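Residue-level structural notes
One-letter residues, chain by chain:
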Amino acid sequence: MKFLVTGGAGFIGANFVEYMVNKYPEDEIINLDALTYAGNLETLKNVEDKPNYKFIKGDIADREFIFDLFEKEKPDVVVNFAAESHVDRSIEDPEIFVKTNVMGTTTLLDACVKYGIKRYHQVSTDEVYGDLPLDRPDLFFTESTPLHTSSPYSSSKASADLFVMAYGRTYGLPVTISRCSNNYGPYQFPEKLIPLIISRALNDETIPVYGTGENVRDWLHVYDHCVAIDMILRQGKEGEVYNIGGHNERTNLEVVKTVLRALNKPESLITYVTDRKGHDMRYAIDPTKMETELGWKPVYTFDTGIPQTIEWYLNNKDWWENIVSGEYQNYFQKMYVDKGRVEE
Ligand code: NAD
Ligand code: DAU
């Protein structure tokens with residue numbers, strides 16, 4: 001089987017690529033990524049020389065490029081991680097979110113219709129369901145919760161989901177969608193809450209907490225997300241949506257305090273800052289469908305995943321220090337262009 005994984009130089013995509021390359025040596029994994037600010041080939045050092053792995057630089061919204069790629073590679077399965085993924089950036093500049101997340105998705109879908117595909121999988125998010133109130137802990141997002149978005153980011157992801165379902169129904173494309181809760185773990189870009197806390201706390205810098213810090217997120221280790229997607233690809237039913245989450249709800253303040261405690265850093269680093277516009281209050285996934293239909297169960301709880309993640313950031317300081325300094329953006333030039341592996 002030939003897998004085209006898009007966005008595989010980002011946080012979750014790279015974890016997925018490494019998981020697939022190692023678990024299925026007989027399968028071919030093509031990693032297509034535009035290497036935006038969030039893409040980092042240093043993340044893929046462990047797999048870059050594996051015979052069943054190949055990296056291609058390109059934009060999922062570039063129609064001519066995508067059609068040429070499908071003509072040449074004819075992938076059996078497409079797993080679309082590629083996206084603009086940061087809510088705060090979407091509030092500053094929504095347009096690129098429409099271009100990549102919506103038009104990039106429809107471009108991939110059009111190529112799948114033209115060239116045929118065994119499965120198109122869309123990596124979506126629980127944010128498409130909007131938020132839940134803090135005073136109703138009995139409520140959870142199920143697959144039939146209506147889409148009700150808050151930010152330009154979540155609106156672009158929900159739009160993409162609607163196109164995926166429409167291509168399934170109209171053109172008979174074999175599609176699946178997964179909607180996962182907040183991920184954490186190795187290789188997460190330090191603009192997101194947990195790596196931001198770790199990297200700033202280690203430098204004794206202030207930790208910005210939006211609003212009151214009472215907002216709740218439902219945290220899942222990235223490894224468990226990767227396993228879930230693999231199961232959906234192999235056992236999931238065409239045309240279905242699967243929610244992924246492990247019942248690890250925490251307020252932002254709890255998360256910040258847990259990480260500071262683990263790093264032996266003082267709570268005085270916490271600084272309350274102006275709230276995010278339209279800030280969602282609570283996300284909480286009901287993962288019953290994944291558990292009962294596919295037999296998925298997360299390996300990590302928050303209490304085991306957080307120490308593992310902190311240890312990873314402590315042991316891989318170069319990786320995130322290169323991001324904070326901007327050095328990682330020279331990696332493609334150094335390792336690929338200068339060595340003549342690709343032309344730019
Ligand atoms: P990320 O920002 O770390 O990585 C995104 C990757 O996509 C980067 O490597 C980037 O270079 C690439 N990319 C961006 N625009 C592209 C384009 N036009 N063409 C090709 N590649 C492009 O994101 P992430 O956190 O790894 O999220 C991956 C996917 O999972 C996204 O679709 C996101 O919506 C979804 N998701 C994320 C979370 C989370 O907590 N991070 C949770 C649920 C779902
Ligand atoms: O729920 C899934 C989503 O989780 C994904 O679809 C998104 O791609 C991913 O970025 C994430 O979105 P969030 O907005 O929940 O994640 P973020 O890490 O940006 O913020 C987590 C919470 O922490 C949120 O309530 C905002 C708050 N926050 C964030 C930052 C960066 C702070 O209080 N301070 C900060 O500096």
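Going by the structure above, here's the rest.
Here is a short report on the structure shown in this document. Everything numeric here is computed off the predicted structure, so don't read it as measured data.

Turning next to the site of ligand 2. Taken together, 22 residues lie around ligand 2, and Thr125, Asp126, Tyr153, Arg276 and His279 are the ones closest in. At a separation of 2.7 Å, an oxygen atom of ligand 2 approaches a polar side-chain atom of asparagine 182. Between ligand 2 and proline 208, the relevant distance is 2.8 Å, taken from a nitrogen atom to a main-chain nitrogen or oxygen of the residue. Computed on the free molecule, ligand 2 has an accessible area of 690 Å², of which 94% lies beneath the protein chains in the complex. Of the residues forming the shell around ligand 2, the biggest block, three residues, is contributed by strand β8 (residues 207–210). When grouped by side-chain class, the residues that make up the shell around ligand 2 number eight nonpolar, eight polar and six charged.

Per the counting criterion, the structure on display carries 20 salt bridges. The residue aspartate 88 makes a salt bridge to arginine 276 at a minimum N-O spacing of 2.7 Å. Highlighted residues: aspartate 88 in helix α3 (residues 87–92) and arginine 276 in the loop between β12 (270–273) and α9 (288–294), separated in sequence by 188 residues. Residue aspartate 88 shares its accessibility class with arginine 276, and that shared class is buried. The partner of glutamate 240 in a salt bridge is lysine 289, with the nearest N and O atoms 2.5 Å apart. Placement of the pair is glutamate 240 in the loop between α7 (222–235) and β10 (241–244) and lysine 289 in helix α9, with a sequence separation of 49 residues. The class for lysine 289 is buried, based on a relative accessible area of 14%.

Right, let's get into the site of ligand 1. Around ligand 1, the structure places 29 residues, and the nearest of them are Ile12, Asp33, Ser85, Tyr153 and Lys157. For ligand 1, an oxygen atom lies 3.1 Å from a polar atom in the backbone of phenylalanine 11. Backbone polar atom of phenylalanine 81 to an oxygen atom of ligand 1: 3.0 Å apart, as the coordinates give it. When the free accessible area of ligand 1 is taken as 830 Å², the share hidden by the protein chains comes to 96%. Counting residues per element, the ones that place at least two in the shell around ligand 1 are α1 (11–23), β5 (119–125), α5 (152–171) and β7 (182–184). In terms of residue count, β5 provides more of the shell around ligand 1 than any other element does, three residues in total. Split by residue class, the shell around ligand 1 holds 13 nonpolar, twelve polar and four charged.

Across all of its chains, the model carries 17 aromatic pairs by this definition. Aromatic ring contacts, followed pair by pair, group Tyr187, Trp312, Tyr313 and Trp319 into a single cluster. The residue whose ring lies beneath arginine 89 is tyrosine 37, and the NZ or CZ to ring-centre distance is 3.5 Å. Over the face of the ring belonging to tyrosine 242 we find lysine 289, whose NZ or CZ atom lies 4.7 Å from the ring centre.

Moving on to the packing of helix α8 (residues 252–262) against helix α10 (residues 302–315). One can describe the packing of α8 onto α10 by two numbers: an axis separation of 11 Å at closest approach and a directional angle of 50°. As judged from the angle between their axes, α8 and α10 are oblique. Where α8 crosses over α10, the two elements pack in a sense that is right-handed. Judged by residue contacts, Val255, Thr258, Val259 and Ala262 of α8 engage Phe302, Ile306 and Ile310 from α10. Here the contact of α8 with α10 is composed, by residue class, of six nonpolar, one polar and no charged.

The rules behind each value
Residues numbered from 1 in each chain as written. Chains lettered and ligands numbered in written order. Predicted model: local features only at pLDDT ≥ 70, side-chain atom pairs only at ≥ 80, totals over all residues. Heavy atoms only, no water. Near = heavy atom within 4 Å. Polar contact = N/O pair within 3.5 Å; in protein donor to acceptor, adjacent residues only side chain to side chain. Areas by Shrake-Rupley, 256 points an atom, 1.4 Å probe, with all protein chains shown as cover. Helix = DSSP H or I, 4+ residues; strand = E, 2+ residues; numbered from the N terminus. Nonpolar A, V, L, I, M, F, W, Y, C, P; charged D, E, K, R; others polar. Salt bridge = Lys/Arg side-chain N within 4 Å of Asp/Glu carboxyl O. Buried < 20%, exposed > 50% of the residue type's maximum accessible area, 1.4 Å probe, protein only. Phe/Tyr/Trp six-rings, centres within 6.5 Å; stacked < 30°, edge-to-face > 60°. Lys NZ or Arg CZ within 6 Å of the ring centre and 35° of its normal. Axes fitted to C-alpha atoms, helices over the stretch in contact; angles between N-to-C directions. Parallel < 35°, antiparallel > 145°, perpendicular 65-115°, else oblique. Left-handed = near helix turned anticlockwise from the far one by under 90°. Contact = heavy atoms within 4.5 Å.

Shape is all these values report; function is a separate question.
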